[in-house]
Amino acid sequence: MKTAPLLRIDAISKRFGGNQAVDHVSFDVQKGIILGLIGPNGSGKTTVLNMLSGELFPDEGVTYLEGRPITRLSPSQLAHLGVIRMFQMTRVFSRLSAFDNLLIAGRAMGLTAAVALARAQSLIEELTLEHVQYLDAGHLSGGQKKLLEFGMCFMCPPKIALLDEPFAAVHPVMRKTMSRFIQSRNQSGQTFLLVSHDMPIVKSLCHESICMNTGKVISQGPTRAVLEDPNVIEAYLGGDHE
Ligand SMILES: Nc1ncnc2c1ncn2[C@@H]1O[C@H](COP(=O)(O)OP(=O)(O)O)[C@@H](O)[C@H]1O
Ligand SMILES: [Mg+2]
């Protein structure tokens, strides 16, 4: 028997006033994949993520996690089930050290002190934050703070991590750390849905991609094929450039 995809999105739609932001979007996210979600500005990507993480409810359509409908659950219920939109679940305490922020996040997720300590130590290394681990988090750069937030979300790895433009406005060195983190976590089975405009990163990280334009899915499949799809090229050339 075929197992259900990790996440199934079945014909979800969202309208804002007269604007059909998302129009009957359907796709599956298989367990263990890094799925790219691309498309020109305003094509509905963030609205789709908002509907997956419970910030918005679709007007129509159903979403499923491992076969179970999750359409009208709240962000905290979804986080509890393992659907995490980064970085909405994290709150960095600026007067505490980076290390203590990881510990607190882990304790809040129900880890024992010993497990939280071990995971915090290994995440600090994985995210190359050793040199700033005892600094107040308020003194970290924007990119370091994002890496810390990644770490906080991964104190208890979610079933699926939803990422909306994680690389935007991040220093290239940290962008590299972030993409290596995503890749290595994926190699140990972590599933990601990644919205990004950084085509070289999408190409290198995402096994498959979905492209949206004006609220609809216009192409899906292996990333290379999607990026070469004439419909996709036309969507990018025809609309707003980013
Ligand atoms: N909260 C909102 N209220 C009204 N219109 C919105 C809202 N959020 C998004 N939109 C509109 O929905 C469309 C899709 O937006 P969005 O999902 O942010 O696109 P993307 O993330 O692909 O750039 C756009 O036309 C945008 O202006
Ligand atoms: Mg967006």
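Quick note: structure is the one above.
Residues numbered from 1 in each chain as written. Chains lettered and ligands numbered in written order. Predicted model: local features only at pLDDT ≥ 70, side-chain atom pairs only at ≥ 80, totals over all residues. Heavy atoms only, no water.

Some points on the nonpolar core
- The biggest cluster of nonpolar side chains holds 47 residues, and the ones touching the most others in it are Met86, Phe150 and Phe154.
- In this view, Phe150 contacts Met86, Phe87, Leu127, Leu163, Pro166, Met178, Phe181 and Ile182; residues no more than four positions away in its chain are not counted.
- In terms of nonpolar packing, the next biggest core, distinct from the first, is built from 26 residues, Ile9, Leu49, Leu78 and Leu193 among them. (Core = buried A, V, L, I, M, F, W, Y, C linked by side-chain atoms within 4.5 Å. Buried < 20%, exposed > 50% of the residue type's maximum accessible area, 1.4 Å probe, protein only. Contact = heavy atoms within 4.5 Å.)

Describing the site of ligand 1
- Phe16, Asn19, Ala21, Pro40, Asn41, Gly42, Ser43, Gly44, Lys45, Thr46 and Thr47 make up every residue found near ligand 1.
- The separation between an oxygen atom of ligand 1 and a polar main-chain atom of Gly44 is 3.0 Å.
- Within the complex, the protein chains bury 59% of what would otherwise be the 560 Å² of accessible surface of ligand 1.
- Within the residue set of the shell around ligand 1, elements represented by two or more residues are strand 2 (19-29) and helix 1 (45-52).
- A class-by-class count of the residues in the shell around ligand 1 yields three nonpolar, seven polar and one charged. (Near = heavy atom within 4 Å. Polar contact = N/O pair within 3.5 Å; in protein donor to acceptor, adjacent residues only side chain to side chain. Areas by Shrake-Rupley, 256 points an atom, 1.4 Å probe, with all protein chains shown as cover. Helix = DSSP H or I, 4+ residues; strand = E, 2+ residues; numbered from the N terminus. Nonpolar A, V, L, I, M, F, W, Y, C, P; charged D, E, K, R; others polar.)

So, unusual backbone geometry
- Of note in this structure, Ala11 is not a glycine but carries a positive phi near 55°.
- Look at Ala11 and you get partly exposed, because its relative accessible area is 22%.
- Located in the positive-phi region is Glu66, a residue other than glycine, with phi close to 45°.
- Relative to the helices and strands, Glu66 resides in the loop between strand 4 (60-65) and strand 5 (68-69).

So, the pairing of strand 10 (residues 216-222)
- Bridge count for strand 9 (residues 208-213) against strand 10 is six bridges, and the pairing is antiparallel. Looking at strand 10, one finds that Ser209 is bridged to Gly221.
- Linking strand 9 back to strand 10 in an antiparallel pair, the connection comprises two residues, with Thr214 at a positive phi of about 40°. (Pairing = 2+ DSSP bridges.)

Some points on helix 9 (residues 230-238)
- Taken together, the buried positions of helix 9 are occupied by Val232, Ala235 and Tyr236. The arc that holds the buried residues of helix 9, viewed along the axis, is 95°, so those residues lie on one side. For helix 9, exposure combined with an orientation more than 90 degrees from the buried face picks out Pro230, Glu234, Leu237 and Gly238.
- Check the buried side of helix 9 and you find it contacts strand 3 (34-38), helix 7 (199-205), strand 9, strand 10 and helix 8 (223-228).
- Between the side-chain oxygen at the start of helix 9 and the backbone nitrogen of Asn231 there is a gap of 2.8 Å, and the oxygen is on Asp229. (Arc of directions from axis to C-beta.)

Bear in mind that shape data such as this cannot, by itself, settle questions of function.
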